[in-house]
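# Residue-level structural notes
Each chain, letter by letter, is given below.
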Amino acid sequence: MPEEHSHTTMAADELQAIIQRCQILEEADFKGEDFNLFLVAGQKCLEGGYAAQLLEVIQNEKNKVIIKNMGWNLISPLVRCIFMYKEEDDKREHCLRILDQLAQLCNPKELFLGLLEQIEQTSGEQVCQTVLLLLQPLQTVLLKLQNKKAYSVGLSLAMIMNQLTPLPVPYTKQQIQEDKLGLCRCCNAVVDFAKPFVNEVVKNTEKSSECNDMELKEELVKFCMKSLKYPLLAAQLEQLEGIEEHPFRHFATEIIDILWNVGELIPLMFIHHKGKSPHWEDQEFADMERKDSADSLACLSYLMFVQHLGVECFPVVFSPSYLLLCNMTHIEVLLKRTEESILSKGLDLFESCLLRMEDNSLLHHYLELRDFINVPQDLVKIMTLCPMEHMRKKSLNILQLFIDKFDTEGKYTLFRCLLKTSNHAGVEGYIIKNIKDQIHLALTKEYDNIWFTGHHLISLLDLVLSLPEGAETDLLQNSDRVMASLNLLRYLVIKDCESDNQTGVWTTLGKIEQNFLKPLRVGLNMSKAHYEAEIKNKKENRKEAHSSNTVCSVTVGGEKMLPMTSGMQLQVLHSALFTFDLIESVLARVEELIEVKTKAVMDENS
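Rules behind the numbers
- Residues numbered from 1 in each chain as written.
- Predicted model: local features only at pLDDT ≥ 70, side-chain atom pairs only at ≥ 80, totals over all residues.
- Heavy atoms only, no water.
- Phe/Tyr/Trp six-rings, centres within 6.5 Å; stacked < 30°, edge-to-face > 60°.
- Lys NZ or Arg CZ within 6 Å of the ring centre and 35° of its normal.
- Helix = DSSP H or I, 4+ residues; strand = E, 2+ residues; numbered from the N terminus.
- Expected span 1.5 Å × (residues − 1).
- Bend = angle between axes of the 7 residues up to and from the residue.
- Buried < 20%, exposed > 50% of the residue type's maximum accessible area, 1.4 Å probe, protein only.
- Contact = heavy atoms within 4.5 Å.
- Polar contact = N/O pair within 3.5 Å; in protein donor to acceptor, adjacent residues only side chain to side chain.
- 1 Å grid on protein atoms, 1.4 Å probe; cavity = no way out; pocket = protein on both sides within 12 Å on 5 of 7 lines; lining within 4 Å.
- Points joined across faces, edges and corners; volume = space filled by probe spheres on them.
- Nonpolar A, V, L, I, M, F, W, Y, C, P; charged D, E, K, R; others polar.
- Salt bridge = Lys/Arg side-chain N within 4 Å of Asp/Glu carboxyl O.
- pLDDT = per-residue confidence, 0-100.
- Disulfide = S-S within 2.5 Å.

As a further point, take the packing of aromatic side chains. In this structure the tally under the stated criterion is 11 aromatic pairs. Judged by centre distance (5.7 Å) and plane angle (50 degrees), the ring pair of Phe 314 and Phe 318 falls under tilted. Among the aromatic side chains, those forming a connected cluster through ring pairs are Phe 350, Tyr 366, Phe 372, Phe 402 and Phe 406. The lysine or arginine in question, Lys 345, covers the ring of Tyr 302, its NZ or CZ lying 5.5 Å from the ring centre.

Given below as C-alpha cells:
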C-alpha cells in the first residue's frame, strides 16, 4: 500500500513539475516533449486515483494556456477512468468535472478531433455509453467553432450514427423497456445534441428569405435521412401498453420536427417525382446512396401516413389516388424486403393508402405505371413465399383491397397481368374467383359492362379455361386453378342462357371443349391411373416388408422433408385420388349441364 501511495504521489509531483515548467513558457514555445510529459503525468494521476488534484490543476487560472493547448490529450485516459469507477464514486464525479472543464478551456479544434477519435475507437456494448458521455462536451466545442462548423457538425453526426448502426434495434416491448445497450436513450440524446444547430438554421432563415446556413441545413437533413434508415426503419413504432413515452416514437417525432423546422419535410415527401439525386463518379457509391435514400423516404412516408407523425404539416389538397401514386415507390421498396419489421411497414403503408379510397375509384391508366404492376406482383410473392402466416394472410387481404379500388377496366387489366405472372395455382384460382364475381356483377347490374361480357371476356376466358401443359399438366399441383376454372364455367353455363349469350361463352364453347375440357378429362384419367398403380405398388411392398414402419425420404423444392412411413405415403396418395375425384365430379356436372342446355336449344330449333 505505501508503495502504491508513493507511485500516485510521484504522479502528482510529476504533473506539478511539468506544469511549473510550462507556466514560464510562451504558448509558441511548447514542444512535443512537453505534450508527452503532460499526458503521461495526467494519465498517471487519473489511473492512480488523483483526479481531484488534476481537477485543481485544470481549474487554476495560471494554467489556462497550458490546458488550452494540452488538455485535449487527456480525453482517452479520462473516458477509461469514468467507465472504471462506479456511479456513486467521488473519483468518477471528479473525472466528469474534468471533462466539463476541458470542454470549456481547450482549443475547440483540437478537442473536437480528440472527442471524435474517442467515439470512433469505441465498439460493442460501450458505444452508447461513450456517445452519451461525450455528446455534451462535443456540443459545447461545436458551438464554439467559427470555421467549418457545418462540416464539423455533419462529421460528428455521421460518426455517431455510423457507430450506432451495427447495434441491434430493440423490437419487443421487453427489449425496448430494458434498452440493454442504451440505443433508445442514445438516439434521443443525439436529437437533443442537434437542436442548437437546428435552431441556428431556423434563426438565420427567419432573418433572411435565403438560408445562409445551407451547408448546416444539408448536414442536418443527412442526419435525419440516416436516422430514418436506422434505427427507425427496423424499429417497432406502434403504441405499446405500459410504455408511457415510446422512445422510438419520440425519436421519430423529433426527426420529423427537424425536417419541418429546416423546411425540408414536404419537399422530401415528393422528391422521387423530381428524379433529383446527386452526381457521383463512383457508380457503386451512387447506387448505395440511392438505395439508402429510398429506404429513408419509404420510412418517412410510413411515419406520416400510418403512424400519423407530422401529418398535420401535410397539405390536405391531394386526392387519395394521388397519395397512393406518391407512395407506390415507397411501398415497392418496403415490400421487396424480407425482415418482418420492414415488410410489415410496407403492408401497413399500402393498406393505409388504399383505405382512403372509395371502391372502383382508381382509374385503369395507373396500371401503365411500373410501380402499379410491380407492387401486386410483390404481394403475390409474399402470399406464396413468406414463412409468416399472418403476413401471407394480410398480403392477400391487401391484394383484394387493391383489386376493389380499380375501375372495371383496371380490374380486367390487373386480372390478365396476374394470371400471366403469378405462376402459382392458388393465386390463379383466387384471381379466377374474382373474375367470376365481376361477371356476376356484369350480368346482374342494369348498366353495360363491356369488360366482363362479350369479346373482352372471351379473350380473358382463353387465359382462364386452359391447362398450362395440356393433358400433361400436373393436376394435383394445379388443382386450385382447375377447380376455380370449372366452377367459373359451371356458373357461366347455368347463369347465361344460350339465347342471351351475354358472356359469349356459348359462341366459344367448341374452343373451350378442345383446349380445356377434353385435355382435362384425359389428364384426369392418366393421373388417376398413375396414383392407383402407385397405391397398389405401395401395398404390395408393404406386405413384402412385413412392417408398416418402412420409411422413405421425400424431396420438395430441393429440400428433404421429414421421413415418411409407408402408411403415411399411402395416406398422401389417397388424398391425391380424392382431389382427382372432386375435380372429376365438377367436370362431369359441367359436361352434363352443357349437354342438357345444348339439347334443349336443339329441340327448340327443331
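Turning our attention to helix H8 (residues 126-144). Across its 19 residues, H8 extends 27 Å between first and last C-alpha, which sits within 8% of the 27 Å expected from 1.5 Å per residue. At Leu 135, H8 is bent by approximately 40 degrees, the largest bend along its length, and proline Pro 137 sits one to four residues beyond.

The next subject is the environment of Cys 417. Relative to the elements of secondary structure, Cys 417 occurs in helix H21 (residues 408-421). Judged by relative accessible area, Cys 417 falls into the buried class, the value being 13%. For the pair Cys 417 and Ile 373, spaced 44 residues apart in the sequence, the C-alpha separation amounts to 7.9 Å. Apart from the residues within four sequence positions on either side, Cys 417 is in contact with Ile 373 and Gln 377.

Look at the link from Tyr 230 to Pro 231: it is a cis peptide, with omega at 10 degrees. Mapped onto the elements of the fold, Pro 231 is located in helix H12 (residues 214-232). A positive phi angle, close to 55 degrees, is found at Lys 148, a residue other than glycine. Of note, the phi angle at Asn 360 is positive, near 65 degrees, even though the residue is not glycine. Considering the arrangement of structural elements, one finds Asn 360 in the loop between helix H18 (340-355) and helix H19 (370-385).

For Gln 377, the position within the fold is in helix H19. Looking at Gln 377, the relative accessible area reads 24%, which means it is partly exposed. In this structure Gln 377 touches Cys 417 and Thr 421, once residues within four positions along its chain are discounted. Engagement of the side chain of Gln 377 in a polar contact is seen with the side chain of Thr 421, the distance being 3.4 Å.

A word on helix H20 (residues 389-405). If you check H20, its first and last C-alpha atoms are 25 Å apart, about what 17 residues at 1.5 Å a residue would give, namely 24 Å. What H20 keeps buried is the set Met 391, Ser 395, Ile 398, Leu 399, Gln 400, Leu 401, Phe 402, Ile 403 and Lys 405. Turning to H20, the residues buried within the fold contact helix H17 (320-335), H18, H19, H21 and helix H22 (425-444).

Quick look at empty space enclosed by the protein now. Considering all chains together, one arrives at one cavity of 30 Å³ or more under this definition. As a volume, the largest cavity reaches approximately 40 Å³. Forming the boundary of the largest cavity are 10 residues, of which Met 269, Phe 270, Phe 305, Phe 314 and Cys 326 lie nearest the centre. At the level of elements, helix H16 (283-305) and H17 are the ones that each hand at least two residues to the lining of the largest cavity. When residues of the lining of the largest cavity are assigned to their parent elements, the largest contribution, four residues, is made by H17. For the lining of the largest cavity, the residue count by class is six nonpolar, four polar and no charged.

Let's shift gears to the pattern of salt bridges. Across all of its chains, the model carries 27 salt bridges by this definition. A salt bridge links Lys 336 to Glu 332, with the nearest nitrogen and oxygen atoms 3.3 Å apart. On the basis of relative accessible area, Lys 336 is assigned to the partly exposed category, the value being 48%. Each member of the salt-bridge network shares a partner with another, and the members are Glu 332, Lys 336, Arg 370, Asp 371 and Asp 378.

Averaged over every residue, the pLDDT of the chain is 85; residues scoring 70 or more account for 84%. Within the model, the stretch residues 1-8 combines pLDDT values under 50 with three contacts to residues more than four positions away or in other chains. In the predicted structure, residues 273-280 sits below a pLDDT of 50 and forms nine contacts with residues beyond four places in sequence or in another chain.

It is worth spelling out the side chain of Ser 395 at this point. Note that Ser 395 resides in helix H20. Setting aside its immediate chain neighbours within four residues, Ser 395 contacts Leu 347, Leu 379, Ile 382 and Met 383.

Now for the side chain of Asp 371. Structurally, the position occupied by Asp 371 is in helix H19. A distance of 3.3 Å separates polar atoms of two side chains, one belonging to Asp 371 and the other to Arg 370. For Asp 371, the contacting residues outside a window of four places in its chain are Met 328, Thr 329, Glu 332 and Pro 376.

Now for the environment of Pro 170. Topologically, Pro 170 is positioned in the loop between helix H9 (149-164) and helix H10 (173-178). Expressed as a C-alpha distance, the spacing of Pro 170 and Gln 236, which sit 66 residues apart in the sequence, is 8.1 Å. In this structure Pro 170 touches Gln 175, Ile 176, Asp 179, Leu 183, Cys 184 and Phe 248, once residues within four positions along its chain are discounted.

Counted under the stated rule, the structure contains zero disulfides. Free of any disulfide, Cys 353 has its nearest neighbouring cysteine sulfur in Cys 326, separated by 9.1 Å.

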